[in-house]
Amino acid sequence: MSIAPRIDWEAAADLVVIGGGVAGLTAARTASLRGLRVLILSKGGPTDTATQYAQGGIAVVAPHEDSVESHVRDTVEAGAGLCDEAAVRSIVEGGQAAVAALTDLGAVFDLARDGQISRTREGGHSTRRIIHAGGDATGAEVQRALNAAGLPVLFGAAALEVVTGRTGVQGVIAVSENGFGVVHAPAVLLATGGLGQLYALSTNPPGATADGIALALWAGATVADLEFVQFHPTVLYTPGGLGRRPLISEAVRGEGAILVDSEGNSVTAGVHPRGDLAPRDVVSRAIAARMRALGADHVYLDARAIDSFPQRFPTITASCLAAGIDPHTDLIPVAPAAHYQCGGVVTDTHGRTAVPGLYAAGEVARTGLHGANRLASNSLLEGLVVGERAGVAAAERLDEEAHVTDVSFHTIPRAARALVQQSMTLHASVVRDAVGLVEAAARLRDAVSHSAASRLRAELTRANQRFAGSTDAAIELSELSGALNGSGAVNTGGASEETADLNGAAAAAAQRITAFEDAALTLTAQVLLLSAAARTESRGSHTRSDYPTPDDHQRRSRAVRLGPEGHPVPAPDGLDLTTWTQDVIPSAS
């Protein structure tokens with residue numbers, strides 16, 4: 001069943017960018033400078049992005065005592081055997097030019113005493129190559145500089161579907177407080193960020209609902225490596241707290257804080273030679289194991305011995321005090337939280353997907369840079385480099401005519417967000433096993449069927465009340481009854497016109513966006529569970545308690561696409577992007 005909504009507004013562009021973070025804004029600026037008409041769609045406001053919250057820096061080859069080879073080697077080692085070394089090299093080589101372009105735009109980075117850009121070293125890097133701004137506010141500075149470019153952005157607007165045709169992308173269907181809209185465009189860039197809201201606890205902003213993954217799959221693209229999700233080991237835990245949680249920086253442990261459980265025992269003793277200062281994935285697994293053993297939902301960080309804690313960590317202190325915790329006298333409750341998706345929509349290093357005219361860049365994309373585990377501060381690097389290249393590549397679609405003619409919403413399944421988050425947090429988090437993955441998949445399947453039936457019954461009742469006795473009613477009621485007895489899918493059109501009139505345009509738009517986000521989270525959860533179940537080994541940020549070691553026979557990426565029935569299926573050829581890409585692209589420099 002499909003429903004054709006009333007279209008309230010239309011626009012045309014050469015490139016539609018979905019997302020307002022580093023990758024999307026960099027691509028938009030690059031394309032605009034080359035004469036393309038660009039329109040950015042952003043669900044939130046100017047700073048509602050993962051970029052804004054990036055506390056680290058940008059990994060870029062230093063001018064002295066560093067090299068491209070060294071950065072490539074560090075990245076490949078962190079990627080645990082799944083990096084595409086050619087892609088790694090390509091992106092690393094583009095780092096210095098991309099940072100120079102950002103500096104020209106007005107970004108200000110911290111300087112050392114000699115007046116040169118200051119560089120620090122982070123986990124996994126063999127030398128000091130991380131540049132930063134405002135100490136731990138690099139992302140905010142990058143966001144500020146790109147926002148200042150004055151690009152055309154439609155805030156509060158969500159893309160609901162990427163429309164394709166015989167020649168590829170035709171445009172997008174979107175929704176905002178102005179109603180449903182259509183943007184006709186031959187090129188669309190997905191720059192939607194990550195999937196952190198799959199989990200009850202995340203460092204990601206509320207809008208990280210896997211929109212780009214779902215939009216790409218529905219449009220016919222492939223995704224890969226979604227089983228590899230990085231978890232930050234210590235975010236502030238509060239009972240009932242959901243969504244984005246404040247980070248408790250590793251620097252707190254570096255200053256002497258120790259991880260303990262509810263019985264006062266060390267969490268990491270005997271796990272790793274570095275104890276509480278072990279790599280993130282090691283600490284996250286140790287915490288998860290202890291929580292599971294004790295049936296707890298958090299452990300504690302004991303920072304009471306740190307002198308001048310408020311002066312050293314003012315932001316963390318403020319977060320703790322807001323939760324009623326005094327780090328000077330209280331243990332700080334912490335738990336791992338979803339932090340970064342290493343996989344995503346399969347692209348080349350210019351952002352092209354397998355669908356002509358569809359591009360992806362930033363966290364939503366799988367270029368081959370991160371492999372099974374992201375190297376610290378390579379994410380902003382990738383957003384800058386691939387974002388710029390995608391902005392250039394979009395020009396190859398200028399000769400293609402694009403017009404959206406089909407504006408029907410097709411039925412897609414969705415489960416309640418709370419159930420998705422609960423299932424993924426319990427069974428597909430830091431440590432997984434076959435029993436839990438099967439349980440999570442079954443819960444999602446049952447929830448989709450139940451919630452779809454409930455919504456269709458409600459729609460059936462509304463239709464009966466609205467059109468009692470009319471011929472049109474008989475047709476509509478027949479369609480709804482048939483759907484009720486069918487697959488249980490629901491449309492993402494969201495609120496009816498009556499609801500929109502009752503609650504106002506903004507409320508109606510929010511309801512439609514929430515419905516879309518829930519559908520995107522449901523689909524992405526299904527793909528992640530399928531991929532995690534198929535990978536019967538532990539590698540990088542994917543840990544299976546029933547398969548605790550790596551398996552050389554599985555040292556490869558696995559791609560997934562939607563099958564004819566709309567369900568995720570393996571795509572053995574899903575990493576092949578030769579169907580439409582061109583051999584030569586203009587330089588992004």
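Residues numbered from 1 in each chain as written. Predicted model: local features only at pLDDT ≥ 70, side-chain atom pairs only at ≥ 80, totals over all residues. Heavy atoms only, no water.

Student: Would you mind going over the overall build of the protein with me for this structure?
Tutor: When helices and strands are tallied, the protein shows 16 helices and 28 strands. Buried positions account for 55% of the 589 residues belonging to the protein. Put simply, the protein shows about 23,900 Å² of open surface, and 51% of that area lies on carbon and sulfur atoms. (Helix = DSSP H or I, 4+ residues; strand = E, 2+ residues; numbered from the N terminus. Buried < 20%, exposed > 50% of the residue type's maximum accessible area, 1.4 Å probe, protein only. Areas by Shrake-Rupley, 256 points an atom, 1.4 Å probe, with all protein chains shown as cover.)

Student: Looking at this model, I keep getting lost on helix α8 (residues 280–294). Mind explaining?
Tutor: Three or four residues apart is the spacing at which side chains of an α-helix point the same way, because the helix has 3.6 residues per turn. Over its 15 residues, α8 extends 21 Å from the first C-alpha to the last, a length consistent with the 21 Å expected when each residue adds 1.5 Å. Every buried residue of α8 is accounted for by V282, V283, S284, A286, I287, A288 and M291. On its buried side, α8 packs onto β15 (229–236), α7 (250–254), β17 (258–260), β18 (299–302), β19 (332–341) and β24 (431–432). Of the residues one or two after α8, G295 is the one with positive phi, at around 65°. (Expected span 1.5 Å × (residues − 1). Contact = heavy atoms within 4.5 Å.)

Student: What is the right way to look at the sheet that holds strand β3 (residues 15–18) in this model?
Tutor: In a beta sheet, neighbouring strands pair by backbone hydrogen bonds and run either parallel or antiparallel. Spatial ordering of the open sheet is given by β8-β4-β3-β12-β21, a layout of 5 strands whose pairing is parallel. Strands with a single pairing partner mark the edges of an open sheet, and in this sheet they are β8 (153–155) and β21 (358–360). Each adjacent strand pair in this sheet contributes to an overall mean axis angle of 20°, direction not counted. Two strands pair when backbone bridges link them, and strand β4 (residues 38–42) and β8 are joined in this way by 3 bridges, in the parallel orientation. In the sheet register, S42 faces β8, and the bridge partner there is F155. Lying over the sheet, helix α6 (residues 211–219) contacts β3, β12 (188–190) and β21, oriented at roughly 135° with respect to β12. (Pairing = 2+ DSSP bridges. Axes fitted to C-alpha atoms, helices over the stretch in contact; angles between N-to-C directions.)

Student: Just checking my understanding: could you explain unusual backbone geometry for this structure?
Tutor: Apart from glycine, the bulk of residues carry a negative phi angle, and the bulk of peptide bonds sit in the trans form. Backbone geometry at S308 places phi at a positive 55°, although glycine is not the residue there. Assignment of secondary structure puts S308 in the loop between β18 and α9 (309–312). Look at S377: it is not a glycine, yet its phi comes out positive at around 70°. Within the fold, S377 resides in the loop between β22 (365–366) and α11 (378–393).

Student: Whenever I open this one, the packing of aromatic side chains confuses me. Can you help?
Tutor: A ring pair, where both rings are aromatic, is described by two values, the distance of the centres and the angle of the planes. Enumeration according to the criterion identifies 3 aromatic pairs in this entry. When the ring of F309 is compared with that of F313, the centres are 5.1 Å apart and the planes differ by 50°; the resulting orientation is tilted. Looking at F309, the relative accessible area reads 2%, which means it is buried. Judged by its relative accessible area of 6%, F313 is buried. (Phe/Tyr/Trp six-rings, centres within 6.5 Å; stacked < 30°, edge-to-face > 60°.)

Student: Explain the pattern of salt bridges to me, please; I cannot follow it from the model alone.
Tutor: Tallied over the entire structure, the rule returns 21 salt bridges. A salt bridge links D518 to R417; the shortest N-O distance between them is 2.8 Å. With D518 in helix α16 (residues 505–534) and R417 in helix α12 (residues 417–427), this pair connects stretches of sequence that are 101 residues apart. Classification of R417 by relative accessible area gives partly exposed; the value is 21%. In this structure, the salt-bridge partner of E537 is R535, at a minimum N-O distance of 2.7 Å. Across the pair, R535 and E537 agree in class, each one buried. Here the salt bridges do not stand alone but share partners, grouping K43, D211, R417, E517 and D518 into one network. (Salt bridge = Lys/Arg side-chain N within 4 Å of Asp/Glu carboxyl O.)

Student: Honestly, the pairing of strand β9 (residues 158–165) in this entry has me stumped. Any pointers?
Tutor: In regular strands, side chains alternate between the two faces of the sheet. Taken across its 8 residues, β9 has 6 buried, putting it largely inside the fold. Bridge analysis of β9 against strand β10 (residues 168–176) gives 7 bridges, and the strand direction is antiparallel. Residue G165 lies in a different strand from β10, and its bridge partner there is G168. Turn length for the β9-β10 hairpin, with the two strands adjacent in sequence and antiparallel, is 2 residues.

Student: How do you make sense of the sheet that holds strand β27 (residues 559–562) when you look at a structure like this?
Tutor: One open sheet holds the 5 strands; their spatial order is β22-β20-β14-β27-β28, and the pairing between them is mixed. Each edge of the open sheet is held by one strand with a lone partner, namely β22 and β28 (568–570). Of the strand pairs in this sheet, strand β20 (residues 344–346) and β22 are connected by 2 bridges, and their pairing is parallel. Following the sheet pairing, V345 is matched in β22 by A365.

Honestly, that's just the spatial picture; any functional story needs more than this.
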